[in-house]
Amino acid sequence: MGFRFRKPSTVSGTRRVPASLIGLAGLFLTWEVASQTGLVPGLYLRPPSEVLPTMVDLLGDETFLRALLATVLATVIALVIAVLIAVPSGLLLGSIPLVRRACMTVVEFLRPIPSVALIPLALLVTGTGPDTKIALAVYGALWPILFNTMYALDELDPLHVETARAFGTGRVAVLTRIALPSAAPFVLTGVRLSFAIALAVVVSTELFAGGTKGLGQFIMEANSGGAHMDQVLAGTVIAGLVGYAANAGLERLHTKLFAWNAPRGDAS
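Just so we're clear, the structure is a prediction, and the values are computed from it rather than from any experiment. Each residue is numbered by its place in its chain's sequence as written, counting from 1. Predicted model: local features are reported for residues with pLDDT of at least 70 only, side-chain atom pairs are reported and counted for 80 or more only, and whole-chain, interface and lining totals are derived from all residues. Processing note: side-chain calculations cover all non-hydrogen atoms of the structure and skip hydrogens and water entirely.

**Overview of the overall build of the chain**
Here comes step 1: Helix and strand assignments follow DSSP, with helices taken as H or I runs no shorter than four residues and strands as E runs no shorter than two, numbered in order from the N terminus. Of the regular secondary structure elements, the chain holds 11 helices and zero strands.
Here comes step 2: For the chain, the N- to C-terminal ordering of α and β elements is α-α-α-α-α-α-α-α-α-α-α.
Here comes step 3: Buried residues are those whose accessible area, probed at 1.4 Å on protein chains only, stays under 20% of the maximum for their type, while exposed residues exceed 50% and partly exposed ones sit between those limits. In the chain, buried positions account for 37% of the 268 residues.
Here comes step 4: Contacts in the chain between residues at least 24 apart in sequence constitute 75% of all its contacts with a sequence separation of at least 6.
Here comes step 5: Entry remark: accessible area of the chain is about 15800 Å², with carbon and sulfur atoms responsible for 67%. Contact between two residues is taken to exist if any of their heavy atoms lie within 4.5 Å; hydrogens are not considered. Values of accessible area rely on a 1.4 Å probe in the Shrake-Rupley scheme; residue burial ignores everything except the protein chains shown.

Here it is as structure tokens:
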């Protein structure tokens, strides 16, 4: 007797939201208890009962909103540039074995270098303007998209390629009409990973480089003297919420566009 997969109902889909909220509530409760009981230094790790009202106040502050917008905009620009570089490069490396063998040593050498370690070099080359954080974020966001695109071609059914070639389809047309649509779900998964990386790099660059308006600079200024730790933590929580919202939106987009690629037990 075989197992039968039950098609998920809308009820099971709605249960995910309360479950995620329970986990988030548990995190904030643990944070509150740890701060109030002295388990961690409450002077520096302010409890959520103080941080959340500060966060609400910041969301009504025009100066903070401009800093937040600068960070999000730099992250999105970096992500778009990374996609424009990584997808064609991944298609090239994934479809031509000779190019792949020639380039993989360089790729594997560059990939482990953290973007933050390149901040001094980037400051010398591009200065302290927005170009620095965007360039470093592009570098960090490049790799998940590149590798997802490249390895997606390994999963491409050779029969599809041979059929297209039998009808006289050229190499470029095979890449754009056959390979790229097949790799698109993997590319979007890479984009989801890369957004979080790009956001972390942008905020880190704003923190360490200085002179660049954004959420990181706001956190650094609020941290001066240690008198506004509630604002520091509020800015950190907002950065986490931005990353969560972006990931949730991209995940929903992935489900909507590529439902055919979902596991058999998960497809609706």
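**Here's the deal with the nonpolar core**
Nonpolar side chains in soluble globular proteins tend to be buried together.
Here comes step 1: Here, the term nonpolar core denotes a set of buried Ala, Val, Leu, Ile, Met, Phe, Trp, Tyr and Cys residues that are joined through side-chain atoms within 4.5 Å. In this structure, Phe64, Trp143, Ile145 and Val191 are the most contacted members of the largest nonpolar core, which totals 60 residues.
Here comes step 2: The dominant element in this core, judged by the number of residues it contributes, is helix H7 (residues 130-152), at 13 residues.

**Concerning H7**
Here comes step 1: Across its 23 residues, H7 extends 33 Å between first and last C-alpha, which sits within 8% of the 33 Å expected from 1.5 Å per residue.
Here comes step 2: Largest kink in H7: about 35°, centred on leucine 142, with the proline proline 144 one to four residues after it.
Here comes step 3: Taking burial as the measure, the 23 residues of H7 include 18 buried ones, the bulk of the element. One less than the number of residues in a helix, times 1.5 Å, gives the span that helix is expected to have. Fitting axes to the seven residues that end at a residue and to the seven that start at it, the angle between those axes gives the bend at that residue.

**Some words on the UniProt feature "transmembrane region" (unreviewed entry) in the chain**
Here comes step 1: Those residues carrying the UniProt feature "transmembrane region" (unreviewed entry) are residues 21-44, 64-88, 109-128, 134-153, 174-203 and 232-250 in this numbering.
Here comes step 2: The span residues 21-44 carries 67% helix and 0% strand; its end-to-end C-alpha distance comes to 26 Å.
Here comes step 3: Across residues 109-128, helical content stands at 50% and strand content at 0%; the span's end C-alpha atoms are separated by 27 Å. UniProt positions are given in the numbering used here, feature names are shortened, and annotations may be inferred rather than shown by experiment.

**Re the packing of helix H5 (residues 97-110) against H7**
Here comes step 1: Geometry is summarised by axes, namely lines fitted to C-alpha atoms with helices restricted to the contacting stretch, and by angles between N-to-C directions that run from 0 to 180 degrees. One way to put it is that H5 packs onto H7 with a least axis distance of 12 Å and a crossing angle of 145°. The handedness of the crossing between H5 and H7 comes out as left-handed. For the pair formed by H5 and H7, the contact residues are Arg100, Met104, Val107, Glu108 and Leu110 on the first element and Tyr139, Trp143, Leu146, Phe147, Met150 and Tyr151 on the second.
Here comes step 2: Partitioning the contact of H5 with H7 into residue classes produces nine nonpolar, no polar and two charged. Working rule for handedness: look at the near helix, and if it is turned counterclockwise from the far one by less than a right angle, call the crossing left-handed; if clockwise, right-handed. In this classification, the charged set is Asp, Glu, Lys and Arg, the nonpolar set is Ala, Val, Leu, Ile, Met, Phe, Trp, Tyr, Cys and Pro, and all remaining amino acids, among them Gly, are polar.

**Examining the environment of phenylalanine 208**
Here comes step 1: With respect to the helices, strands and loops of the structure, phenylalanine 208 is situated in helix H9 (residues 171-209).
Here comes step 2: Note on phenylalanine 208: relative accessible area 58%, which makes it exposed.
Here comes step 3: Sequence separation between phenylalanine 208 and methionine 220 is 12 residues; the distance between their C-alpha atoms is 8.4 Å.
Here comes step 4: Residue contacts for phenylalanine 208: discarding those within four places in its chain leaves Val116 and Ile119.

**Regarding the environment of glutamine 217**
Here comes step 1: Relative to the helices and strands, glutamine 217 resides in helix H10 (residues 215-222).
Here comes step 2: With relative accessibility at 17%, the residue glutamine 217 sits in the buried group.
Here comes step 3: For glutamine 217 and valine 203, which are 14 residues apart along the polypeptide, the C-alpha to C-alpha distance reads 7.9 Å.

**Comments concerning a nonpolar patch on the surface**
Here comes step 1: Taken together, the side chains of Leu69, Leu73, Ile77, Ile81 and Ile85 define a hydrophobic patch exposed on the protein surface, amounting to about 420 Å² of accessible area.
Here comes step 2: Topologically, leucine 69 is positioned in helix H4 (residues 62-95).
Here comes step 3: Residue classification places leucine 69 among the exposed positions, given a relative accessible area of 56%. Exposure above 30% relative accessible area and no salt bridge define the residues that can form patches, which grow by joining like charges within 9 Å and nonpolar side chains of Val, Leu, Ile, Met, Phe, Trp and Tyr within 5 Å. Any Lys or Arg side-chain nitrogen located within 4 Å of an Asp or Glu carboxyl oxygen qualifies as a salt bridge.

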